[in-house]
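Listed here are the chains, written in short residue letters.
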Amino acid sequence: MIAKIGHGANMTGALSYNQLKVDKENGQVLDTQKIIETPDGSYTVAQLYRSFEPYLIANKRTEKPVLHISLNPDPGDKVTDENFRQIAKDYMERMGYGEQPYIVFKHTDIERTHIHIVSTNVDRYGVKIPDAFEKLRSMDACRALEQKYNLIPATEKQRTGNERVFRPVDYRAGDIKSQIASVVRYLPKHYQYASFGAYNALLSLFNITAEEVKGELHGQPKNGLVYFALNAQGEKASNPFKASRFGKHAGLEELQKHFVQAKEQMKKDPTRAILKNTVEATMHITTGEADFKKQLVEQGINTVVRRTDEGRIYGITFIDHESRTVWNGSALDKNLAANVFNDLWKGQAVEQRNDADRTVLPTNTGKGMADEKEETHELFDFLHKEQPDYATDDVGLINGLGGLLPEAQGEDYEEQAFANRMKKKRTRKRPGRQR
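This report concerns the structure included in the present document. (Residues numbered from 1 in each chain as written. Predicted model: local features only at pLDDT ≥ 70, side-chain atom pairs only at ≥ 80, totals over all residues. Heavy atoms only, no water.)

A look at unusual backbone geometry
Of note, E25 is a non-glycine position whose phi angle comes to about 60°, a positive value. Since its relative accessible area comes to 70%, E25 is described here as exposed. Notably, F133 is not glycine yet its phi reads approximately 55°, a positive angle. As for its placement among the helices and strands, F133 is situated in the loop between strand 5 (114-120) and helix 4 (134-148). By relative accessible area, which is 65% here, F133 ends up exposed. (Buried < 20%, exposed > 50% of the residue type's maximum accessible area, 1.4 Å probe, protein only. Helix = DSSP H or I, 4+ residues; strand = E, 2+ residues; numbered from the N terminus.)

Written as structure tokens, this is what we have:
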């Protein structure tokens, strides 16, 4: 079972999201605790809100008092309504919310039946209930409930909490090639992405971007990739590095094979449904782009936004680090396509967008292309071009996540690069000496 925990400021939004499923007969209210009952057992958002209102009024200083949790058993589990009720009750007690008012909604709009719990994380005196180590405690609770209710355990692929991460590239630290290599050689082994745009979205978290090149060399057509380091603003901060310098898995041919394989695997991946529901729910409990991104980061999901020079959103990608999958918004659902978020956020002030975590890919087209479209360069476009003087802001981090990838298998790229340089020095002939 997989749990996703969201904290927000919009109780009405959280209730509306779930009640809409009920109104469309894609869900039902499965259970309630400390909720005002109605004579006929039906509910409205306004009526449900009244049960939480005393807690929200008493709230002293908690910015996000709304608790929105989804519990997702494996698709192979056959969970009865009574089991769902008991699972929800046990989970809330284990997480410290057992005495809180809450509503359990069952969603049936997708093949994976699951439940959502709407509650508040402040008690009746307005004091926030402690949530230290929430993610780890939630994972422990899920493992215990899997055993108690004989559920299929979540796979090891989804247990990434204690893994170490390769650091994002710092273009000022030197040996950029080795820094890039420590990322691009291993991403295909650990993440699934079905397009070049999705691949670049993932690379951007490590301050790297890839660009396709094509042209002719000695009369033969050539296609390939080059990689750049990025600065904190998402601007190129290095000369290009040919993909061949990082091994075959970093090259265009192997990447295209990876895209095909990933596309087939992701069609059957139950993660899609969980991620779709998580993103939709987060849209309803957050107040804007920065809050939306921050909320998803706390649930192990990065959001990468592409904008035209005029500021219009033309691409949005979600990176789920628990399942290690990368999804364009439109691939999750038509209601999560780029134009939907453009309309949702276009009224925001520019400075609010600038405060969002740095996950915006640079774009040179300004044409509003689809998510998968990337600029293609001629083979020699990058040669002999003067590099700009980039700003020296701190390198962007991976947005609050504690770990993404397993550490490379004992490889130290800085040491390896040093050894290679020393080897070259030893083999260089001194002028004027004869052997």
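Moving on from the coordinates now.
Let's talk about the environment of I180
Tracing the backbone shows I180 in helix 5 (residues 176-184). Note on I180: relative accessible area 0%, which makes it buried. Considering only alpha carbons, one finds I180 and N207, 27 residues apart in sequence, at a separation of 9.0 Å. Beyond its immediate stretch of four places on either side in the chain, I180 contacts V169, I208, Y227, F228, A229, F241 and F246. (Contact = heavy atoms within 4.5 Å.)

Observations regarding the packing of aromatic side chains
A full pass over the atoms with the stated rule returns 10 aromatic pairs. With a centroid separation of 6.3 Å and an interplanar angle of 70°, the aromatic rings of Y193 and F259 are classed as edge-to-face. In this pair, Y193 sits in strand 6 (residues 192-193) while F259 sits in helix 8 (residues 252-267), placing the two residues 66 residues apart along the sequence. Pair check on accessibility: Y193 and F259 agree, each one buried. Between Y227 and F246 the ring centres are 5.6 Å apart and the planes differ by 85°, which places this aromatic pair in the edge-to-face class. Taken together, the residues span a long stretch of sequence, with Y227 in strand 8 (residues 220-229) and F246 in the loop between strand 9 (241-242) and helix 8 at a distance of 19 residues. In terms of burial, Y227 and F246 fall into one category: buried. (Phe/Tyr/Trp six-rings, centres within 6.5 Å; stacked < 30°, edge-to-face > 60°.)

Quick word on the packing of helix 1 (residues 11-23) against helix 2 (residues 45-58)
One can describe the packing of helix 1 onto helix 2 by two numbers: an axis separation of 10 Å at closest approach and a directional angle of 150°. By the angle between their directions, the pair helix 1 and helix 2 is classed as roughly antiparallel. The hand of the helix 1/helix 2 crossing is right-handed. From helix 1, M11, T12, L15, S16 and Q19 reach across to helix 2, where they touch V45, L48, Y49, F52 and L56. Within the contact of helix 1 with helix 2, the residues separate by chemical class into seven nonpolar, three polar and no charged. (Axes fitted to C-alpha atoms, helices over the stretch in contact; angles between N-to-C directions. Parallel < 35°, antiparallel > 145°, perpendicular 65-115°, else oblique. Left-handed = near helix turned anticlockwise from the far one by under 90°. Nonpolar A, V, L, I, M, F, W, Y, C, P; charged D, E, K, R; others polar.)

Points about the packing of helix 9 (residues 271-285) against helix 10 (residues 289-297)
Viewed as axis vectors pointing N to C, helix 9 and helix 10 meet at an angle of 140°, and their least axial separation amounts to 10 Å. The angle between helix 9 and helix 10 places the two elements in the oblique class. Remark: the crossing between helix 9 and helix 10 carries right-handed chirality. Together, T278, V279, T282 and M283 of helix 9 and F292, Q295 and L296 of helix 10 make up the contact between the two elements. Considering only residue class, the contact of helix 9 with helix 10 consists of four nonpolar, three polar and no charged.

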